[in-house]
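Structural features, examined
If you want the building blocks of each chain, they are given just below.
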Number of protein chains: 2
Amino acid sequence: MTTGRPRAFDLDERLDRALRVFWRQGYEGTALSDLTEAMGISRPSLYAAYGNKEALFGKVLDRYMETAVHVREAFRQPTARSTAETLLRGTIAATTGEDGPGCLMVHGALATGGQSGAVRAEAAARRHAAEDALRERFERARREGDLPADVDAGDLARYVCLVWYGIAVQACSGAGSEDLGRAVDLAMRTFPGG
Amino acid sequence: MTTGRPRAFDLDERLDRALRVFWRQGYEGTALSDLTEAMGISRPSLYAAYGNKEALFGKVLDRYMETAVHVREAFRQPTARSTAETLLRGTIAATTGEDGPGCLMVHGALATGGQSGAVRAEAAARRHAAEDALRERFERARREGDLPADVDAGDLARYVCLVWYGIAVQACSGAGSEDLGRAVDLAMRTFPGG
DNA sequence: CTCGTTCAGTACCGATCGGTACAGAACTAG
DNA sequence: CTAGTTCTGTACCGATCGGTACTGAACGAG
């Protein structure tokens, strides 16, 4: 097994730089020249390391979920209520932070032209996965008696995700974290259980 | 005053066709060739009639607001609660309708590349205008005793808009009108007053 | 050292992007 | 009729799009 010349940059570190560009500009708003400039590598190096623009975006979405610590923290909470609250409060911090407003899974590829349909579908699939995970967490809460038996876990998960995405859009409109915090206060008042 | 050759197409009717393209594909996902093909006019005709792509998108946003009858209907409601409920239920119908999923003001230009910053800003400004109008409606409701004096009209407007935009994103994820209806049931439970 | 492999950057590919010059056609005013 | 104006489509503009051949350079194995 021969190894060849070693790569002169760190894959994950440059991926983070690509993440920031996609975050600010969305998938279709980002040109390869934007990426290579921000990542500090040449175009063929990008293709050799990550595939192509579409594959790079997929890896960026993976990286995005890995680094979204508030999501992991939310699922570690003991109750359904604190799971939802941690998720939404953390989303406020993430969407109004310094990496640019909004949430990559929401505005990264909400609507796309003909060529980029697969990217839009993948972003939607990840949103579905998040909603499914939340629904399963709420179903567990119901089994544990943490949530009343008459609440529908799927409906509740859809509502929490709806607030999540609403926060992301409001952040893109320039809403501040205090304003959004009061909106989450309102949203959590309808959450069942203690 | 001389008049010259008359235009061979109806401005508003072709604007509706452009609206449907932008709705499906967003601003940056839409190419001029997509527009001219759907509108059935040549490229110079488009520029003479509407300016350029950016100006056309602005006129499309105007047209979009004009044709959003559920918004006008909402503001004609007698109470703050029915205003919010009409707006959100109507949004469900509009975002899951046949013109493609989602809301043009949300996904039309949420995140854009360097050139299209003005378009993103304009979409955000229209969202702000909608929130302001809702806040003023709620302030009026408070003066009329329709809303309790201790509720903040701005916070409530922001929350309703947040749900509005959340519906739009969920619709882009493929959520159905029944699912979203139950989410609005939950969202309205936290609305103050009767 | 040589050889095979993998990375690096330059320079380029066809296609498409948004936008326009231009010439002819269709109209009104006189 | 002519003159002036405005719309029409063809054909084209430079710039940029995503993606790739190709030539060296930097490594480990032998």
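These numbers come from a predicted model, not from an experiment.

**Observations concerning helix α6 (residues 80-95) of chain A**
Residue and element names in this part refer to chain A. The end-to-end C-alpha distance of α6, which contains 16 residues, comes to 22 Å, matching closely the 22 Å that a straight helix rising 1.5 Å per residue would cover. All of the buried residues along α6 are A80, S82, T83, A84, T86, L87, L88, G90, T91, I92 and T95. Buried residues belonging to α6 abut α5 (69-75), α8 (117-143), α9 (153-172) and α10 (177-189).

**A few points about the packing of aromatic side chains**
All names here are of chain A. Under the criterion given, the structure shown has 12 aromatic pairs over all chains. Taking the centre distance of 5.3 Å and the plane angle of 90 degrees together, the rings of W23 and Y64 count as edge-to-face. Within this pair, whereas W23 is found in helix α1 (residues 11-25), its partner Y64 is found in helix α4 (residues 53-67), the two being separated by 41 residues in sequence. Here the two residues W23 and Y64 agree in accessibility, since each one is buried.

**Some thoughts on the protein's contact with DNA strand C**
If you check the shell around DNA strand C, you find 26 residues, and the closest are A8 of chain A together with T3, L32, Y47 and K53 of chain B. Looking at DNA strand C alone, sugar and phosphate atoms form 67% of those within 4 Å of the protein. Within the backbone of T30 of chain B, one N or O atom sits 3.3 Å away from a phosphate oxygen of DNA strand C. S33 of chain B is positioned such that a nitrogen or oxygen atom in its side chain is 3.4 Å from a phosphate oxygen of DNA strand C. For the surface near DNA strand C, the secondary structure elements donating two or more residues are α3 (43-50) of chain A together with α2 (32-39) and α3 (43-50) of chain B. Sorting elements by how many residues they give to the surface near DNA strand C places α3 of chain B first, with three residues. Residues belonging to the surface near DNA strand C are distributed by class as follows: 10 nonpolar, 11 polar and five charged.

**Considering the domain arrangement of chain A**
Residue and element names in this part refer to chain A. Per the domain assignment, the segments of chain A are domain 1 (11-64) and domain 2 (68-189). On a C-alpha basis, the centroid separation for the pair domain 1 and domain 2 is 25 Å. Contacts between the two partners involve 15 residues from domain 1 and, on the opposite side, 21 residues from domain 2. Here domain 1 and domain 2 share an interface that buries about 1,500 Å² over both sides, 60% of which is from carbon and sulfur atoms. Looking at the side of domain 1 facing domain 2, the largest losses of area belong to W23, L61 and Y64, adding up to 47% of the total buried there. At the junction of domain 1 and domain 2, the tally comes to one salt bridge. A salt bridge links D62 to R126; its shortest N-O distance comes to 2.5 Å. Taken together, domain 1 and domain 2 are joined by 10 residue pairs in polar contact (both at pLDDT 80 or more). At the level of elements, α1 and α4 are the ones that each hand at least two residues to the side of domain 1 that touches domain 2. The element that contributes the greatest number of residues to the side of domain 1 that touches domain 2 is α4, accounting for seven residues. When grouped by side-chain class, the residues that make up the side of domain 1 that touches domain 2 number eight nonpolar, two polar and five charged.

**Let's talk about the packing of α6 of chain A against α9 of chain A**
Residues and elements named next belong to chain A. Closest axis-to-axis distance for the α6/α9 pair is 9 Å, and the angle between their directions is 15 degrees. The orientation of α6 with respect to α9, classified from their angle, is roughly parallel. Where α6 crosses over α9, the handedness of that crossing is right-handed. Residue-level contacts link A84, L87, L88, T91, I92 and T95 of α6 to V160, V163, W164, I167, A168 and A171 of α9. Each residue belonging to the contact of α6 with α9 can be placed in one class, and the counts come to 10 nonpolar, two polar and no charged.

**Quick word on the interface of chain B and chain A**
Between chain B and chain A, the contact holds 38 residues from the first and 37 residues from the second. Carbon and sulfur atoms make up 63% of the surface buried where chain B meets chain A, a total of about 3,300 Å² over both sides. In this structure, the connection of chain B to chain A is made through four salt bridges. A salt bridge links R182 of chain A to D155 of chain B, with the nearest nitrogen and oxygen atoms 2.8 Å apart.

**What to know about the environment of D132 of chain B**
You can see D132 of chain B is positioned in helix α8 (residues 117-143). Measuring from C-alpha to C-alpha, the distance between D132 of chain B and R158 of chain B comes to 8.9 Å, with 26 residues separating the pair along the chain.

**Describing the state of the cysteines**
Residue and element names in this part refer to chain B. Throughout the structure, instances matching the rule amount to zero disulfides over all chains. For the unlinked cysteine C172, the closest cysteine sulfur is that of C103, found at 8.9 Å. On the basis of relative accessibility, which here comes to 17%, the residue C172 falls in the buried class.

**Section: the relation of the copies chain B and chain A**
Here chain B sits on chain A after a turn of 180 degrees about the axis and a move of 0.0 Å along it, with an RMSD of 0.0 Å. Taken together, these values place the two copies in the relation of a two-fold axis. Rotation axis and chain B: the residue whose C-alpha lies nearest the axis is G166 of chain B, separated from it by 2.0 Å. Of the residues that chain B buries at the interface, 97% are likewise interface residues in chain A, meaning the two copies contact each other through the same surface.

What counts and what doesn't
Residues numbered from 1 in each chain as written. Chains lettered and ligands numbered in written order. Predicted model: local features only at pLDDT ≥ 70, side-chain atom pairs only at ≥ 80, totals over all residues. Heavy atoms only, no water. Helix = DSSP H or I, 4+ residues; strand = E, 2+ residues; numbered from the N terminus. Expected span 1.5 Å × (residues − 1). Buried < 20%, exposed > 50% of the residue type's maximum accessible area, 1.4 Å probe, protein only. Contact = heavy atoms within 4.5 Å. Phe/Tyr/Trp six-rings, centres within 6.5 Å; stacked < 30°, edge-to-face > 60°. Near = heavy atom within 4 Å. Polar contact = N/O pair within 3.5 Å; in protein donor to acceptor, adjacent residues only side chain to side chain. Nonpolar A, V, L, I, M, F, W, Y, C, P; charged D, E, K, R; others polar. Domains from an automatic or database assignment. Buried area = accessible area lost by both parts, 1.4 Å probe. Salt bridge = Lys/Arg side-chain N within 4 Å of Asp/Glu carboxyl O. Axes fitted to C-alpha atoms, helices over the stretch in contact; angles between N-to-C directions. Parallel < 35°, antiparallel > 145°, perpendicular 65-115°, else oblique. Left-handed = near helix turned anticlockwise from the far one by under 90°. Disulfide = S-S within 2.5 Å. Least-squares fit on C-alpha atoms with pLDDT ≥ 70 in both.

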